[in-house]
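Secondary and tertiary structure notes
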Amino acid sequence: MGSTDGLPDSMRAAVYLGPQRLALRQVPVPRPASGEILVRVRAANTCGTDVKIYSRGHPKFPPPFVFGHEFGGDVVAVGEGVEAFTIGQRVTANVFAECDQCFYCRRGQGNLCENLVYNFGAYAEYLTIPASIVQRSTFVIPSHISYAQAAVVEPLVTVVHGQGLVRIQPGETVAVIGAGGPIGLLHIQMAMANGAERVIAIGHSDARLAVACQLGASHIYNAHRVDTITAIRDLTGGRGADVVIECAGTKVAWETAVEAVRKGGRVLWFGGLPGGTKVELDAARIHYGEITLYGMHGGTAKEARCAFELITSGAINVSCLLSGKVPLEELETALQSMIAGEVIKMVIIPNQDLG
Ligand SMILES: [Zn+2]
Ligand SMILES: [Zn+2]
């Protein structure tokens, strides 16, 4: 065992084999190609995307697939030509980076890039960061921030992007549907940072809504007990919220968001639905009400830098999203507790000797 560069030849990795089928496998430790860096993973956070991959697969990533994409770790090797990073640095990175060349990148819409390079494989002892991501959205973690806190940069990039679309104005009332999940809790904080006067948080778990309350949501409602549209309209003189942010990722939540926004308001559909899903909307409400609807995906490298600064400066509390730490063997249980709504995010520790 052990090759000439001092790194082991094989490592443990959690491999996705098909819907609700995971296995721990021994796989080769990758070596960094030109422009890449190799990271020993110290923390890998669970995420809604992982839950989707685990539950139903992902058309872009057929099995067998080593997944996990929110990570922090130590640089243990650098590929040829890498100058910005050195062995021993603590780093995190976004899950993708744009090409800077294509039609969309030239228009500042790098999140829609035709040549996005992805970076999965964090549920393993080691992973390589592709050159494009090394160049654009890999960050050195300052000593006061933990690996797991830094890893929240990935979901926060998307929240920064979504908030950039709806442009909350000081004094506005913002409703967040699906507020108890990690994305909802980040949106609540960003909405307040952007000047929202009131944030109405709607979710399904009292425990998670209590976290929304601690983070400053002015009103919390459990959608099991209260009708979301009525609750939001009652608080806003019957008009609806200025901005509604949907983070539940269900057809009903997409439709509810449009019913709960005021005339002239903005809706952000943050939570993705499976391809082919049709939603039913009242066209007259959107037309005569001048309602603006935003879909969205990901974020740009510039937004990734902004998100990382929000974490390192302490402007956004990311610790409240981290519900506990478990070894790689317990990844499947961790994903199931996310599905059950028992935890917000779990921190997976692939290298147990470093946990
Ligand atoms: Zn994620
Ligand atoms: Zn591009």
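Here, the structure is the one placed above.
Because the structure is predicted, anything quoted here is derived from the model rather than measured. (Residues numbered from 1 in each chain as written. Chains lettered and ligands numbered in written order. Predicted model: local features only at pLDDT ≥ 70, side-chain atom pairs only at ≥ 80, totals over all residues. Heavy atoms only, no water.)

Take unusual backbone geometry next. Following Pro63, the chain continues to Pro64 via a peptide bond in cis, the omega torsion being -5°. By the element assignment, Pro64 lies in the loop between helix H1 (48-56) and strand E4 (65-66). Its identity is not glycine, yet Gln20 carries a phi of approximately 60°, on the positive side. Structurally, Gln20 is set in the loop between strand E1 (10-18) and strand E2 (21-28). (Helix = DSSP H or I, 4+ residues; strand = E, 2+ residues; numbered from the N terminus.)

The next thing to look at is the coordination of the zinc ion (ligand 2). Taken together, Cys99 (SG), Cys102 (SG), Cys105 (SG) and Cys113 (SG) make up the protein donors of the zinc ion (ligand 2), found 2.3 to 2.4 Å from the metal. Positions of the donor residues of the zinc ion (ligand 2) along the chain correspond to the pattern C-x2-C-x2-C-x7-C. With a relative accessible area of 15%, Cys99 lands in the buried category. (Donors = N, O, S within 2.8 Å, 3.2 Å for Na, K, Ca; no water. Buried < 20%, exposed > 50% of the residue type's maximum accessible area, 1.4 Å probe, protein only.)

In this section: the packing of helix H5 (residues 153-166) against helix H6 (residues 182-193). Packing of H5 against H6 brings their axes to within 10 Å, and their N-to-C directions diverge by 50°. Relative to H6, the element H5 lies oblique. In the packing of H5 onto H6, the handedness of the crossing is right-handed. Here Pro155, Leu156, Thr158, Val159, Val160 and Gln163 of H5 come into contact with H6, specifically with Ile183, Leu186, His187, Met190 and Ala191. (Axes fitted to C-alpha atoms, helices over the stretch in contact; angles between N-to-C directions. Parallel < 35°, antiparallel > 145°, perpendicular 65-115°, else oblique. Left-handed = near helix turned anticlockwise from the far one by under 90°. Contact = heavy atoms within 4.5 Å.)

Okay, helix H12 (residues 331-339) next. Along H12, the residues classified as buried are Leu331, Ala334, Leu335, Ser337 and Met338. Burial along H12 is one-sided: seen end-on, the buried residues are contained in an arc of 160°. For H12, the secondary structure elements touched by its buried residues are E1, E2, H1, strand E17 (322-327) and strand E18 (345-349). Once H12 finishes, Gly341 follows within two positions and takes phi at roughly 75°, a positive value. (Arc of directions from axis to C-beta.)

The next thing to look at is the side chain of Thr138. Its place among the elements puts Thr138 in strand E10 (residues 138-140). Classification of Thr138 as buried rests on a relative accessible area of 8%. At 2.9 Å, the side chain of Thr138 forms a polar contact with the backbone oxygen of Ile133. If sequence neighbours within four positions are ignored, Thr138 has contacts with Ile37, Phe85, Val91, Thr92, Ala93, Ile129 and Ile133. (Polar contact = N/O pair within 3.5 Å; in protein donor to acceptor, adjacent residues only side chain to side chain.)

Keep in mind these values describe shape, not function.
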